[in-house]
Amino acid sequence: MSEAFGLDAGGIKVQLADWQIQLLSDVLALVEDSSDDSALPSSAYPDRPVDDADYRRLLASERHQARAADQSAMSLTLEEAEAGVYLSRGEAEAWLRVLGESRLLLASRLGVTSAVWEEDEETEELAVLHYLSWLQASLVDVLSDELPDSDSTDAGG
Amino acid sequence: MLCTVNYRKTVINPTRLEEMFSRSNGQPSVVGTVLIVTTRPSTTLEDSTVTTPVWQVIVWDDPVNLMVYVVYVLRTLFGYPKEKATKLMLQVHNEGRSAVASGPREKVEMDCHRLHRYGLSATIERA
């Protein structure tokens, strides 16, 4: 399978076979139609219910709008991916987040609770999850090439 | 004994301030309406030195997100060099969690939200 994403003088390019576009359309529909988003992290204060409710309430609208914008960006560019289409940095990040969400939602539906699934390449139900992993890793690889290896003063762990 | 100084006005003459302190051996009690000094015997060093509570964002291990993805997200959101992002990711993988950012509550809430947007399991706690 050739790489789906590439980086050339024109920027980040995505080119997919017809079957890949069809599969990703189905995956996108899964993300858009998913009424149960409990598989997606949204809790900041698991031991402080009042603070957690405030956090969720304050960010709910922004979260909803940002997810919809990501899905729209991916949907529009996916339509052109068979011929090959260049993605802006923002569109590529949107693809990355939607692929991440779809993996979490799919894994939740398949009952994945440990990393053992990564070693199972035979089970048919996991094939799509493996494909999405490959696709996401491919995009991460391309996007990482454009990251400055800057230092930061942020006090991290 | 620790003390807290509340300046109601800033019009006090520096010379007079020096005089007041020297007269009371460095421990003034009440000085007119300009400067009020109160003592708090029960105040601890910790209470008096921490003016802004420091919070931290914890990223938790999960069975789905790829290691390379977690490294990329940490580099993108926090500007960490690859080595630092990789170290934090490995801490998440091996120990189950890692503090990836810290600061005032408003800041870490936004950091946590951005991590959630990328699908990483993140929570907030006091540093």
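The structure we're discussing is the one just above.
J.: Explain the overall build of chain A to me, please; I cannot follow it from the model alone.
T.: Assigned secondary structure in chain A consists of 4 helices and 3 strands. Written out in order from the N terminus, the α and β elements of chain A read β-β-α-α-β-α-α. For chain A, the C-alpha atoms occupy an extent of roughly 50 × 40 × 30 Å along the three principal directions. A total of 157 residues make up chain A; the buried ones form 43% of that total. Residue pairs at least 24 apart in sequence account for 71% of intrachain contacts in chain A once pairs closer than 6 positions are excluded. Counting every atom, chain A has about 8300 Å² of accessible surface; 49% of that belongs to carbon and sulfur. Counting 10 positive and 33 negative side-chain charges, chain A places the centres of these two groups 9 Å from one another.

J.: For this particular structure, what's the right way to read the interface of chain A and chain B?
T.: In many reports, interface size means the accessible area that the parts give up when they come together. Listed per partner, the contact involves 45 residues of chain A and 38 residues of chain B. Where chain A touches chain B, the interface holds 2 salt bridges. Across the salt bridge formed by D70(A) and R117(B), the nearest N and O atoms sit 2.5 Å from each other. Elements with a minimum of two residues in the side of chain A that touches chain B: α2 (49-78), α3 (89-109) and α4 (127-145) of chain A.

J.: Sorry if this is basic, but what is going on with the environment of L135(A) here?
T.: Assignment of secondary structure puts L135(A) in helix α4. Distance from L135(A) to L96(A), taken between C-alpha atoms, is 9.2 Å for residues 39 residues apart in sequence.

J.: Looking at this structure, I do not really get the packing of helix α1 (residues 18-33) of chain A against α2(A). What am I missing?
T.: Relative orientation and spacing of two packed helices are given, respectively, by the angle between their axes and the distance between those axes. All names here are of chain A. Running from N to C, α1 and α2 point in directions that differ by 165°, and their axes come no closer than 11 Å. Of the possible angle classes, the one that applies to α1 and α2 is roughly antiparallel. Considering how the two elements wind past one another, α1 and α2 form a crossing that is left-handed. Only R67, Q71, M74, S75 and L78 of α2 make contact with α1, whose side of the interface consists of I21, L24, S25, L28, V31 and E32. Of the residues in the contact of α1 with α2, the class split is 6 nonpolar, 3 polar and 2 charged.

J.: Before we go on, may I ask you to explain the sheet that holds strand β4 (residues 55-60) of chain B in this structure?
T.: Sheet strands pair by backbone hydrogen bonding; their relative direction is either parallel or antiparallel. Residues and elements named next belong to chain B. Overall, antiparallel pairing links the 3 strands, which are arranged β5-β4-β6 in an open sheet. In this open sheet, the two strands that pair with only one neighbour each are β5 (97-103) and β6 (122-126). Taking the axes of each pair of neighbouring strands and ignoring which way they run, one obtains an average angle of 30° across the sheet. With 5 bridges connecting them, β4 and β6 associate as antiparallel partners. Bridging from a neighbouring strand, I58 pairs with T123 of β6.

J.: Would you mind going over the side chain of H113(B) with me for this structure?
T.: Within the secondary structure layout, H113(B) lies in helix α5 (residues 105-117). Under the relative-accessibility criterion, H113(B) is labelled buried at 7%.

Criteria and cut-off values
Residues numbered from 1 in each chain as written. Chains lettered and ligands numbered in written order. Predicted model: local features only at pLDDT ≥ 70, side-chain atom pairs only at ≥ 80, totals over all residues. Heavy atoms only, no water. Helix = DSSP H or I, 4+ residues; strand = E, 2+ residues; numbered from the N terminus. Buried < 20%, exposed > 50% of the residue type's maximum accessible area, 1.4 Å probe, protein only. Contact = heavy atoms within 4.5 Å. Areas by Shrake-Rupley, 256 points an atom, 1.4 Å probe, with all protein chains shown as cover. Lys, Arg positive; Asp, Glu negative; His and termini not counted. Charge placed at Lys NZ, Arg CZ, Asp CG, Glu CD. Salt bridge = Lys/Arg side-chain N within 4 Å of Asp/Glu carboxyl O. Axes fitted to C-alpha atoms, helices over the stretch in contact; angles between N-to-C directions. Parallel < 35°, antiparallel > 145°, perpendicular 65-115°, else oblique. Left-handed = near helix turned anticlockwise from the far one by under 90°. Nonpolar A, V, L, I, M, F, W, Y, C, P; charged D, E, K, R; others polar. Pairing = 2+ DSSP bridges.

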